[in-house]
Amino acid sequence: MHATLPLLRETDFPTIRRGPLQTLQANLGYKCNQSCLHCHVNAGPTRSEMMDGTTLQMVVAFLQASGVRQLDLTGGAPELHPRFRELVSVARALEVEVIDRCNLTILEEPGQEGLAEFLAEHRVGIIASLPCYLEENVESQRGKGVYAASIRGLQRLNALGYGQPDSGLELNLMYNPVGPWLPPPQAGLEADYRRELAEREGVVFNRLYALTNMPIARFGSTLISHDGFEDYMALLKSAHCPDNLNTVMCRSLISVDWQGYVYDCDFNQMLALALGDDRPTHLSELIGRDLDGRPIAVADHCYGCTAGQGSSCGGALGG
């Protein structure tokens, strides 16, 4: 796979600094039951990296000490971690909101029996990957059979109350473009998803998040292989919206990897850009420290978060 950091390091992206910390995003490991073309984590079934018990305990200790009220669990498929359910249970007992970034097909994997029911019982918010409401587009990114399994997962979650009015069980969908272009306006796309999924599949959800494909890892390597990297970067830079700098996710979130090292965002984690572009920092070093005002490590991939309507783990930023 082609390295993208050397092409991104030299940057004119604006300097930004942290605000108050609101979210701890924990990558529990890179193992996944899928290998998606756009995946910035380069996750897949053969990856073996997994957060150990000591680091899991450190995540809990940080939640207790920091007062952070949101734990965002990602991977890979975070549910494949053998202590996923234990971590969720402990965090909810601390009255911390938990988000599970779920690829939907994991609900049918052997060993995941009762997962959907567990998530509902613990009132875990779900952000579910569904790159399109059309079967052919989903399977071009994710493989044959993924669309049907994803729809079955959504229908199962709906039956448990997810996405239903007044249930309090949040089910949000995540869209990624299938190629090197920006997502369409999020509001209009959400209306399309809502109409098409209801009519075709009887599926309901709360929100749609539109996420720009990042020019790193598997997607970035594919761009390089097809001589499209420079054109894609030119597109991101030409669409840069300065107003989005006020709400980029790295101002209120930290990302911790499976070894316990901390980054300004999940994308920086994949590029090994340390917190604030400083030396590697372990989560244990941040207990009792205030990060407000600290500089954020940036490179050219950051234009992916500010282009057009903006992009973050919580969808469009504005514009």
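That block above? That's the structure.
Here's what I pulled together on the structure shown here.

So, how was this worked out
Residues numbered from 1 in each chain as written. Predicted model: local features only at pLDDT ≥ 70, side-chain atom pairs only at ≥ 80, totals over all residues. Heavy atoms only, no water. Helix = DSSP H or I, 4+ residues; strand = E, 2+ residues; numbered from the N terminus. Contact = heavy atoms within 4.5 Å. Areas by Shrake-Rupley, 256 points an atom, 1.4 Å probe, with all protein chains shown as cover. Lys, Arg positive; Asp, Glu negative; His and termini not counted. Charge placed at Lys NZ, Arg CZ, Asp CG, Glu CD. Pairing = 2+ DSSP bridges. Axes fitted to C-alpha atoms, helices over the stretch in contact; angles between N-to-C directions. Buried < 20%, exposed > 50% of the residue type's maximum accessible area, 1.4 Å probe, protein only. Parallel < 35°, antiparallel > 145°, perpendicular 65-115°, else oblique. Left-handed = near helix turned anticlockwise from the far one by under 90°. Nonpolar A, V, L, I, M, F, W, Y, C, P; charged D, E, K, R; others polar.

Once that is clear, we can look at the overall build of the chain. Assigned secondary structure in the chain consists of eleven helices and nine strands. With the principal axes as the frame, the chain shows a C-alpha extent of 50 × 45 × 35 Å. A sequence separation of at least 24 residues applies to 73% of the contacts in the chain between residues at least 6 apart. Working note: accessible area of the chain is about 13,000 Å², and carbon and sulfur atoms make up 50% of it. Charged side chains of the chain number 25 positive and 38 negative; the gap between the two group centres comes to 3 Å.

As a further point, take the sheet that holds strand 8 (residues 261–263). Spatially, the nine strands line up as an open sheet ordered 6-5-4-3-2-1-7-8-9, and their pairing is mixed. One side of each edge strand has no neighbouring strand; the edge strands of this open sheet are strand 6 (207–210) and strand 9 (281–282). Sheet topology places strand 2 (residues 70–74) next to strand 3 (residues 97–102); four bridges connect them, and they run parallel. Residue Gln70 lies in a different strand from strand 3, and its bridge partner there is Glu97. Packed on one face of the sheet, helix 2 (residues 53–66) meets strand 1 (23–27), strand 2, strand 7 (253–256) and strand 9 and runs near 175° to strand 1.

Turning next to unusual backbone geometry. Trans peptide bonds make up the majority, and among non-glycine residues the majority have a negative phi. Each neighbour pair has its own omega, and for Gly75 with Gly76 the value is 20°, a cis peptide bond. With respect to the element layout, Gly76 can be found in the loop between strand 2 and helix 3 (84–93). Phi at Asp166 takes a positive value of approximately 65°, unusual for a residue other than glycine. Inspection of the secondary structure puts Asp166 in the loop between helix 6 (146–159) and strand 5 (171–175). By relative accessible area, which is 83% here, Asp166 ends up exposed.

A separate point is the pairing of strand 7. Neither face of strand 7 is exposed, since Leu253 and Ser255 on one face and Ile254 and Val256 on the opposite face are all buried. Sheet analysis places strand 1 next to strand 7, joined by four bridges and oriented parallel. Looking at the pairing, Ala26 lines up with Val256 of strand 7. For strand 7 and strand 8, the ladder comprises two bridges, and the chain directions are antiparallel. In the strand pairing of strand 8, Ser255 is matched with Tyr263. Counted along the chain from strand 7 to the antiparallel partner strand 8, the turn is four residues long, and its residue Gly260 has a positive phi close to 95°.

Let's shift gears to the packing of helix 2 against helix 3. For the pair helix 2 and helix 3, the least separation of the axes is 11 Å and the interaxial angle reads 15°. Between helix 2 and helix 3, the crossing angle belongs to the class labelled roughly parallel. Like other packed secondary-structure pairs, helix 2 and helix 3 cross with a definite hand, here right-handed. Between helix 2, through Leu56, Val59, Val60 and Leu63, and helix 3, the contact on the second element is made entirely by Leu87, Val90 and Ala91. Among the residues forming the contact of helix 2 with helix 3, the class breakdown is seven nonpolar, no polar and no charged.

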